[in-house]
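Listed here are the chains, written in short residue letters.
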Amino acid sequence: MSNTPKTRVAIIGAGPSGFFMAEELLRHDNSLVVDIFERLHKPYGLLRYGVAPDHPHTRRIIKLMEHTAARPGFNLRLGVEIGRDVTIDELRANYSAVFVATGAEVVRSLDIPGEDLPCVYSARAFAAWANGHPDHLNDQVDFDTETAVIIGNGNVSLDIVRILSRDPAALEEFEFSPAAKETLAHSRVRNIHVIGRRGPAQAAFEEKELLELGELPNVEFRVDPIVMMLSETDERELAAPDADRARGIVETLRTFASRSKGEAARTVVSFDFLRRPLAIKGTTRPEEITLELCRLEGDAGEQRALPTGALQRLPCGVVFVSIGQRGKPIPGLPFDDVEGVIPTKDHRVLMDGVPLPDVYAVGWLKRGAHGLIGNNRKDAMMTAQAYFANRQQKHTVS
Ligand SMILES: Cc1cc2nc3c(=O)[nH]c(=O)nc-3n(C[C@H](O)[C@H](O)[C@H](O)COP(=O)(O)OP(=O)(O)OC[C@H]3O[C@@H](n4cnc5c(N)ncnc54)[C@H](O)[C@@H]3O)c2cc1C
């Protein structure tokens, strides 16, 4: 038996990125000891507390993580917040390398009047509440209104549309928190507006998610007429070889637009493009949202939404803000406040432009809050490669 002391590394954050990182490290070097520190008392990050409860197939990725957790050398330290309970310096002094995988926990806000009214929710907080996240157990979510507005054209907006459009009886089979099941069962929401600043060709939806929505019974779609008459620049954008996703979205929305209207739709979902929110008005909850119509300007692939001055007032009683997230700085580590990420080069954390010895980053904290769970796996593979290459180089030099 070898008496060589084991190399110990630490990972901060037990979300998908932290787990994929542990898997890559242990797969390549089974003599490593990997300690993952997680501030919550349960692991898996947004895979547990963000993924919509009516998407159990996505949760199956947890099986992969359980496989990692069973590897010799793997240790999960729950309920430890790095930067509060343990400092970065303490961690660096006790581990030969540190991997930061704390995700993007700060939601982006609209910065408009009325955003702090009751019944204006961030989409992330809604997802956390629906999943029984410990920080959101006491949230008061209220669907005692006919019209909901969702700001943002990403998949998380579609999650909300789907959840609000389902017949409450159909929610029973999924693992919603008890509070969410109870509240959704009494929802009066029948009209849902999904608002995007840019057009259908720029929406960040996945076609698969839109198609799933299209399969829900008793849902009628009203799609902005713009989807049928895109500009020449949009058409050029869609003709690009890498525009498969955008083409799929536009085609699916066109199919929705041409569907015959059902006699007795339970919910009407409207996709309203080229609008930006200016203010939410109301006293005890939203009563209307003011939207400004926009137009697109710029070359294909770089079009920006510019305001036109024309206003629309949309009555509503609940608003969801789903416009993305940014990372949260960790005391003792650098942070790029403009991009909302930790600064890195070749997966190594940069302090004043210079790599901090043996500190790496992986996942949403490094890349920003974009992409699917699987993207973090590829990222972890590349980060592990960088770590092993640097370790090898150090051994060769010494
Ligand atoms: C609402 C929502 C729904 C989504 N749904 C899907 C989906 O259906 N399918 C899909 O493919 N992708 C989905 N995504 C994207 C997916 O969740 C992300 O790609 C992925 O979770 C990013 O992984 P991460 O590990 O970088 O961050 P996270 O999942 O956020 O994990 C970070 C972990 O670090 C912990 N942590 C933070 N700070 C500290 C600290 N100081 N000390 C210790 N621990 C800390 C957090 O508690 C958390 O557990 C969704 C995202 C959101 C926001």
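Since the model is a prediction, treat every value here as computed from it, not as a measurement. (Residues numbered from 1 in each chain as written. Predicted model: local features only at pLDDT ≥ 70, side-chain atom pairs only at ≥ 80, totals over all residues.)

**Concerning the overall build of the protein**
Line of reasoning, step 1. A count of helical and extended segments in the protein gives 14 helices and 18 strands.
Line of reasoning, step 2. Taking 2.2 N^0.38 as the reference for a compact globule, 398 residues should give roughly 21 Å; the C-alpha atoms of the protein span a radius of gyration of 23 Å, in line with that estimate.
Line of reasoning, step 3. In terms of principal-axis extent, the alpha carbons of the protein reach across some 75 × 50 × 35 Å.
Line of reasoning, step 4. The proportion of buried residues among the 398 residues of the protein is 39%.
Line of reasoning, step 5. Excluding contacts between residues fewer than 6 apart, the proportion of contacts in the protein whose partners are at least 24 apart in sequence is 76%. (Helix = DSSP H or I, 4+ residues; strand = E, 2+ residues; numbered from the N terminus. Rg over C-alpha atoms; globule rule 2.2 N^0.38 Å. Buried ≥ 20, exposed ≤ 12 C-beta atoms within 10 Å, placed from the backbone. Contact = placed C-beta atoms within 7 Å.)

**Comments concerning the environment of cysteine 316**
Line of reasoning, step 1. Relative to the helices and strands, cysteine 316 is located in the loop between strand S13 (304-315) and strand S14 (318-321).
Line of reasoning, step 2. For cysteine 316 and valine 227, which are 89 residues apart along the polypeptide, the C-alpha to C-alpha distance reads 24 Å.
Line of reasoning, step 3. Discounting chain neighbours no more than four positions away, the residues touching cysteine 316 are Thr147, Ala148, Val149, Pro286, Glu288 and Ile289.

**Points about the site of the ligand**
Line of reasoning, step 1. Residues in close proximity to the ligand total 35 residues, the closest being Gly13, Gly15, Gly45, Gly103 and Gly363.
Line of reasoning, step 2. Counting only elements with at least two residues in the shell around the ligand, the list comes to helix H1 (16-28), strand S2 (33-38), helix H2 (45-49), helix H6 (123-130) and helix H14 (373-397).
Line of reasoning, step 3. Among the residues forming the shell around the ligand, the class breakdown is 16 nonpolar, 14 polar and five charged.
Line of reasoning, step 4. Residues from two domains meet in the shell around the ligand; each of domain 1 (8-105 + 325-397) and domain 2 (109-321) gives at least three. (Near = placed C-beta within 6 Å. Nonpolar A, V, L, I, M, F, W, Y, C, P; charged D, E, K, R; others polar. Domains from an automatic or database assignment.)

**A closer look at the nonpolar core**
Line of reasoning, step 1. Of all hydrophobic cores here, the largest spans 96 residues; its most connected members are Met21, Phe99, Val100, Ile150, Val319 and Phe320.
Line of reasoning, step 2. Two domains each provide a minimum of three residues to this core, namely domain 1 (8-105 + 325-397) and domain 2 (109-321).
Line of reasoning, step 3. The contacts of phenylalanine 320, once residues within four sequence positions are left out, are Tyr121, Ala123, Phe126, Ala148, Ile150, Ile151 and Ile160. (Core = buried A, V, L, I, M, F, W, Y, C linked by C-beta atoms within 7 Å.)

**Concerning the sheet that holds strand S1 (residues 8-12)**
Line of reasoning, step 1. If you trace the seven strands from one edge of the open sheet to the other, you get S3-S2-S1-S4-S18-S17-S16, paired in mixed fashion. Of all strands in the sheet, those with a lone pairing partner are strand S3 (74-78) and strand S16 (344-345), marking the two edges.
Line of reasoning, step 2. In this sheet, strand S18 (residues 354-361) lies alongside strand S17 (residues 348-351) in antiparallel orientation, the contact comprising three bridges. Residue pairing in the sheet places arginine 348 in a bridge with tyrosine 360 of S18.
Line of reasoning, step 3. Across the sheet, H1 is in contact with S1, S2, S3 and strand S4 (97-100); its angle to S2 comes to roughly 175°. (Pairing = 2+ DSSP bridges. Axes fitted to C-alpha atoms, helices over the stretch in contact; angles between N-to-C directions.)

**Considering unusual backbone geometry**
Line of reasoning, step 1. Despite not being glycine, asparagine 218 has its phi angle at roughly 65°, a positive value.
Line of reasoning, step 2. Topologically, asparagine 218 is positioned in the loop between helix H10 (207-214) and strand S9 (219-223).
Line of reasoning, step 3. Of note in the backbone geometry, aspartate 358 takes a positive phi value of approximately 60° without being a glycine.
Line of reasoning, step 4. As for its position among the elements, aspartate 358 is in strand S18.
Line of reasoning, step 5. Overall, aspartate 358 belongs to the partly exposed group, with 18 C-beta atoms counted inside 10 Å.

**Structural notes on the sheet that holds strand S10 (residues 267-272)**
Line of reasoning, step 1. Spatially, S6-S14-S7-S8-S10-S9 is the arrangement adopted by the six strands of the open sheet, whose pairing is parallel. In the strand order of this sheet, the two ends are held by strand S6 (120-122) and S9, each with one partner. Each neighbouring strand pair of the sheet contributes to a mean axis angle of 20°, computed without reference to strand direction.
Line of reasoning, step 2. Pairing analysis gives five bridges linking strand S7 (residues 147-151) to strand S8 (residues 191-195), with the strands arranged parallel. Directly across from isoleucine 150, in S8, lies its bridge partner valine 194.

**Here we look at the domain arrangement of the protein**
Line of reasoning, step 1. The assigned domain composition of the protein is domain 1 (8-105 + 325-397) and domain 2 (109-321).
Line of reasoning, step 2. The straight-line distance from the C-alpha centre of domain 1 to that of domain 2 is 32 Å.
Line of reasoning, step 3. Contacts between the two partners involve nine residues from domain 1 and, on the opposite side, 15 residues from domain 2.
Line of reasoning, step 4. When the residues that make up the side of domain 1 that touches domain 2 are grouped by side-chain class, the tally is five nonpolar, two polar and two charged.

**Notes on H14**
Line of reasoning, step 1. The end-to-end C-alpha distance of H14 is 37 Å, a good match for the 36 Å that 25 residues give at a rise of 1.5 Å each.
Line of reasoning, step 2. Turning to H14, its buried residues number three or more, namely Asn376, Asp379, Ala380, Thr383, Ala384 and Tyr387.
Line of reasoning, step 3. In this structure, the buried side of H14 is in contact with H1, S4, S18 and helix H13 (364-367). (Expected span 1.5 Å × (residues − 1).)

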